[in-house]
Amino acid sequence: MARQDRIKRRMIRQVVRDNLETLEGARPRRRGRRLRTVLTVARVLFLVALPAALFTSSYVLSTVAAEWRDDVWQDGSGNVSPSVRAPVAFSEMEPLPPMDSNQSRVTPQPIDPSVLPLGLHTVVLDPGHGGENEGTVSPTGLVEKEVTLDIAERVRGLLESHSYKVVMTRHRDVDLSLKQRAELANDARGDIFVSIHVNWIENREVRGVETFFLGATEDPYLEALAARENQNSGYSLADFRDILEQVYAGVRQEESRQLAGAVQQALYDSLDAVNSTVRNRGVKSAPFGVLTHTEMPAILAEVACVSNDVEARLLMTPIYRQYLAEAIVEGIQIYARSLGEPNHLEG
Amino acid sequence: MSEATPEQESDRVLNLGVDLGTSRSSVSASNGVRQAVESYVGWPLDMVARKVLKRDVLVGREAIDNRLMLDLHRPLERGLIKEGSDKDVLAVRELLKHLVSLALAGADRESLVVQAVVGVPAEALRVNKQQLRSALKGIVDSLMIVSEPFAVAYGLESLVNALIIDIGAGTADFCVMHGRYPLEEDQRTLPIAGDHVDEQLYRLITSKYPDAKISLHMAREWKERFSFMGAPTEKVWVVAPVQGRPTEFDATEPMRAACESLLPAVKETMLDLISRVQPEYQDRVRNNVILSGGSGLIRGFGLALQEALEEVGGGRVRVVADPLHVGADGGLALAMDAPPSEWDRLAA
Ligand SMILES: Nc1ncnc2c1ncn2[C@@H]1O[C@H](COP(=O)(O)OP(=O)(O)O)[C@@H](O)[C@H]1O
Ligand SMILES: [Mg+2]
Ligand SMILES: [Zn+2]
């Protein structure tokens, strides 16, 4: 039994350490990360401001920068219009010293926790379907429009607790056209747009998550899926074609691809732990109507396949929807942090 | 390592093992007390109710019995403290207070040093660690929070090459023991367990007998008496009112289907966790699967899992006969084994 006793002693030490870590809290570690994040903002502004100036993301970045250097950037009136803000931000950033010296100038101490790590302030959440437009219905009676609203509400709660501003395209069971949703997002000046859906796949064995950003597709499966999600879009086919052409290449698409990648990875990683045979169906581009008219990086996540019995059953439970929500938030945060990385948009 | 060290034998120290479950909670104490309560906490809704009940807060069966006068909470409902609910945080606190007072059995709290190991659903520990720690502050002198399946493993001395499957009301917790305090990768939580069976049974019976008036509560009671998986050994008859008249129904098939609805996900997770164990140890883990928790008592469950193991070379599943106390007992063993020097660092 000597071996067993040794194991027990070791475990007790591990339990105690785990509890001590909780007692001491994660404060020191977190502070380290904040500091790094703030420092990288400086670099990012140089790298991104120029190409991104045409698009929302530059506004996003400059807005954040404005928050933590408020004193410097505000004009006398106290409010700064976006159009003047970006150039001011840029010129103000120039005299900043390189990242490793003279930190005190870049880093107001202590950092106000309400300042977000980086350029994401406003997240627009779009619970798929609503009203007459029920979306997919599972054999167990799960209705897509209800599931998407529930998950979106959970995401909202989590994001708000991380001090993001959240705008929902709908809070209730109402039918909005895809065009209305996009317009709502644009009016709210969202920094990113996340549309939440659940999937139905003919092969009932298949389960998993996939995340989309706007683009063309040759895949007949994706065409069918897009056609289904695009019902009642409020757009004509011609609109689609025009819009697609306008936004095709460009930063917004690349930003969207990165956001989709982060959300997809977080969804897959976290679901793998609870739903072990979940398939990573990957990041894809497809012509979803709701993604066309939004002016910010936009994605559509199909977070589960209700055509699969196991997944439908999991989806019936609040904890699983909570998992999904946490994963989406995790993905958004990963994306937000990536905005601070020097090679962002280079890859 | 179960003998207590001399310092701990001093009668000033009271060691506790506590299991805070989603549906039932229990405490085992070094003074021999062993108690369980239902995990409900309620506060009188108004002055009138408070006067009638003569109490500021009610816990367990008493809370259920007086639910109409109470703001009733089941704080760890789905294995999590509900997001943003202060009342649920308070309820967890009241639950622990109540269990400690049961363990004191009239002894003077002030004269004792109380050290508690508290097991919580693995998911709550993952998500609400900090929150739990502060919710439980100041009730005992020293506090160690562990995940419930770990407490079960410790109590059963299954610390190496074992797979614990603890299926309670809200969640099914899986934990592979490798001789270390389980890391996140050693654990899984499925959000389907006993409550899910109740819902399925309710749904299946209602759709088979639309005239029968049944409640979720009735479904749970029937389940706890007649649950089974696999071939039925006898028919399951239940009684429910139809237009006010008690009527007998054959619930055999609904019962089987409801119970078996847990199987696919549990099997799959079990096999997946085993497949991630280093190949040379898989055999030992397969032969050391432990099924615990109230829902592990579903007849035929252990056998069904053992059958699933046949597909990967066979194994053995043991069912814990007394799941109500095993977690708390494990916590108590851990509390007694931890040296005073470690306890000193964990002031609550
Ligand atoms: N004999 C039984 N057969 C089937 N289910 C049972 C039986 N006894 C208890 N249960 C179920 O077990 C669950 C409670 O298990 P428990 O391990 O105490 O849960 P928790 O740890 O989540 O509080 C409930 O869903 C209850 O209905
Ligand atoms: Mg339990
Ligand atoms: Zn949809």
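Cut-offs used in this document
Residues numbered from 1 in each chain as written. Chains lettered and ligands numbered in written order. Predicted model: local features only at pLDDT ≥ 70, side-chain atom pairs only at ≥ 80, totals over all residues. Heavy atoms only, no water. Helix = DSSP H or I, 4+ residues; strand = E, 2+ residues; numbered from the N terminus. Buried < 20%, exposed > 50% of the residue type's maximum accessible area, 1.4 Å probe, protein only. Areas by Shrake-Rupley, 256 points an atom, 1.4 Å probe, with all protein chains shown as cover. Contact = heavy atoms within 4.5 Å. Phe/Tyr/Trp six-rings, centres within 6.5 Å; stacked < 30°, edge-to-face > 60°. Near = heavy atom within 4 Å. Polar contact = N/O pair within 3.5 Å; in protein donor to acceptor, adjacent residues only side chain to side chain. Nonpolar A, V, L, I, M, F, W, Y, C, P; charged D, E, K, R; others polar. Patch = residues over 30% accessible without salt bridge, like charges linked within 9 Å, V, L, I, M, F, W, Y side chains within 5 Å. Salt bridge = Lys/Arg side-chain N within 4 Å of Asp/Glu carboxyl O. Buried area = accessible area lost by both parts, 1.4 Å probe. Pairing = 2+ DSSP bridges. pLDDT = per-residue confidence, 0-100. Axes fitted to C-alpha atoms, helices over the stretch in contact; angles between N-to-C directions. Left-handed = near helix turned anticlockwise from the far one by under 90°.

(A) View of the overall build of chain B. When its secondary structure is counted, chain B shows 14 helices and 15 strands. When burial is assessed residue by residue, chain B has 55% of its 348 residues classed as buried. For chain B, the exposed surface amounts to about 14,700 Å²; the carbon and sulfur share of it is 50%.

(B) Spatial organisation of the overall build of chain A. Helix and strand counts for chain A come out as 14 helices and 6 strands. Looking at chain A residue by residue over its 347 residues, the buried ones come to 55%. Look at the contacts in chain A between residues 6 or more apart in sequence, and 81% of them connect residues 24 or more apart. Accessible surface computed for chain A: about 15,100 Å², of which carbon and sulfur atoms make up 50%.

(C) Layout of the packing of aromatic side chains. Tallied over the full model, the rule gives 4 aromatic pairs over all chains. Through successive ring pairs, a cluster of aromatic residues spans Phe-150, Tyr-154 and Tyr-181 of chain B.

(D) Just the site of ligand 1, in detail. All names here are of chain B. In the region of ligand 1, 16 residues are neighbours, and Thr-22, Ser-23, Lys-223, Glu-224 and Gly-294 sit closest. One of the side-chain nitrogen or oxygen atoms of Thr-22 is found 2.4 Å away from an oxygen atom of ligand 1. Ser-23 places a polar main-chain atom, nitrogen or oxygen, 2.6 Å from an oxygen atom of ligand 1. Considering ligand 1 on its own, with 580 Å² of exposed area, one finds that the protein chains cover 88% of that surface. Counting residues per element, the shell around ligand 1 draws most heavily on helix 8 (residues 216–226), at 3 residues. Residues of the shell around ligand 1, tallied by class, amount to 3 nonpolar, 9 polar and 4 charged.

(E) Highlighting a nonpolar patch on the surface. Together, Met-47, Val-48 and Val-52 of chain B give the surface a local cluster of nonpolar side chains, amounting to about 290 Å² of exposed area. When you line up the elements, Met-47 of chain B lands in helix 2 (residues 47–53).

(F) Broad picture of the interface of chain B and chain A. Between chain B and chain A, the residue contacts involve 46 residues of the former and 37 residues of the latter. When the two sides are added together, the surface that chain B and chain A hide from each other amounts to roughly 3,800 Å², 61% of it contributed by carbon and sulfur. The partner of Asp-337 of chain B in a salt bridge is Lys-8 of chain A, with the nearest N and O atoms 4.0 Å apart. Counting across the interface, chain B meets chain A through 9 residue pairs in polar contact (both at pLDDT 80 or more).

(G) Expanded view of the pairing of strand 14 (residues 289–292) of chain B. Residues and elements named next belong to chain B. Burial along strand 14 is two-sided: the face carrying Val-289 and Leu-291 and the face carrying Ile-290 and Ser-292 are both buried. Relative to strand 14, strand 9 (residues 160–167) runs parallel, the two sharing 4 bridges. Note on strand 14: the bridge partner recorded for Ile-165 is Leu-291. Direction of pairing for strand 14 relative to strand 15 (residues 317–319): parallel, over a ladder of 3 bridges. In the sheet register, Ile-290 faces strand 15, and the bridge partner there is Arg-318.

(H) Region of interest: the environment of Ala-338 of chain B. All names here are of chain B. Of note, Ala-338 is situated in the loop between helix 13 (323–337) and helix 14 (340–344). On the basis of relative accessibility, which here comes to 0%, the residue Ala-338 falls in the buried class. It is 9.9 Å that separates the C-alpha atoms of Ala-338 and Val-117, two residues lying 221 residues apart in sequence.

(I) Structural detail: the environment of Ala-105 of chain B. All names here are of chain B. Examined against the element boundaries, Ala-105 turns out to sit in the loop between helix 4 (86–104) and strand 7 (113–120). A relative accessible area of 57% means that Ala-105 is categorised as exposed. Residues Ala-105 and Asn-31, 74 residues apart in the sequence, show an inter-C-alpha distance of 9.1 Å.

(J) Seen up close, the pattern of salt bridges. Scanning all chains against the criterion turns up 37 salt bridges over all chains. The shortest N-O distance in the salt bridge between Glu-160 of chain A and Arg-156 of chain A comes to 3.5 Å. Residue Glu-160 of chain A and its partner Arg-156 of chain A are located together in helix 7 (residues 144–161), separated by 4 residues, close to a single helical turn. Arg-34 of chain B serves as the salt-bridge partner of Asp-322 of chain B, at 3.6 Å between the closest nitrogen and oxygen. Here Asp-322 of chain B is found in the loop between strand 15 and helix 13, whereas its partner Arg-34 of chain B is found in strand 3 (residues 34–38), with 288 residues between them in sequence. Classification of Asp-322 of chain B as partly exposed rests on a relative accessible area of 33%.

(K) Just the confidence of the model for chain B, in detail. Residues and elements named next belong to chain B. Within chain B, residue pLDDT values average 91, and 96% of them lie at 70 or more. pLDDT under 50 marks residues 2–9. Its contacts with residues more than four places away, or in other chains, come to 16 contacts. For this predicted complex, the interface score ipTM comes out at 0.88, alongside a pTM of 0.59.

(L) Geometry of the packing of helix 14 (residues 318–338) of chain A against helix 5 (residues 122–135) of chain B. The N-to-C vectors of helix 14 of chain A and helix 5 of chain B enclose an angle of 35°; their axes lie 13 Å apart at closest approach. When you trace helix 14 of chain A past helix 5 of chain B, the crossing you get is left-handed. Facing helix 14 of chain A, whose interface residues are Ile-319, Tyr-323 and Glu-326 of chain A, helix 5 of chain B presents Glu-123, Arg-126 and Val-127 of chain B. Residues that form the contact of helix 14 of chain A with helix 5 of chain B fall into these classes: 3 nonpolar, no polar and 3 charged.

(M) Spotlight on the sheet that holds strand 2 (residues 24–29) of chain B. Residue and element names in this part refer to chain B. Spatially, the 5 strands line up as an open sheet ordered 3-2-1-7-8, and their pairing is mixed. The open sheet has two free edges, formed respectively by strand 3 and strand 8 (142–147), since each of these has just one partner strand. If you compare each strand with its neighbour and ignore which way they point, the axes differ by 15° on average. Relative to strand 7, strand 1 (residues 13–19) is paired through 7 bridges, and the arrangement is parallel. Residue Asn-15 lies in a different strand from strand 7, and its bridge partner there is Gln-115. Sheet contacts for helix 13: strand 1, strand 2, strand 3, strand 7 and strand 8; angle to strand 1, the most-contacted strand, approximately 145°.

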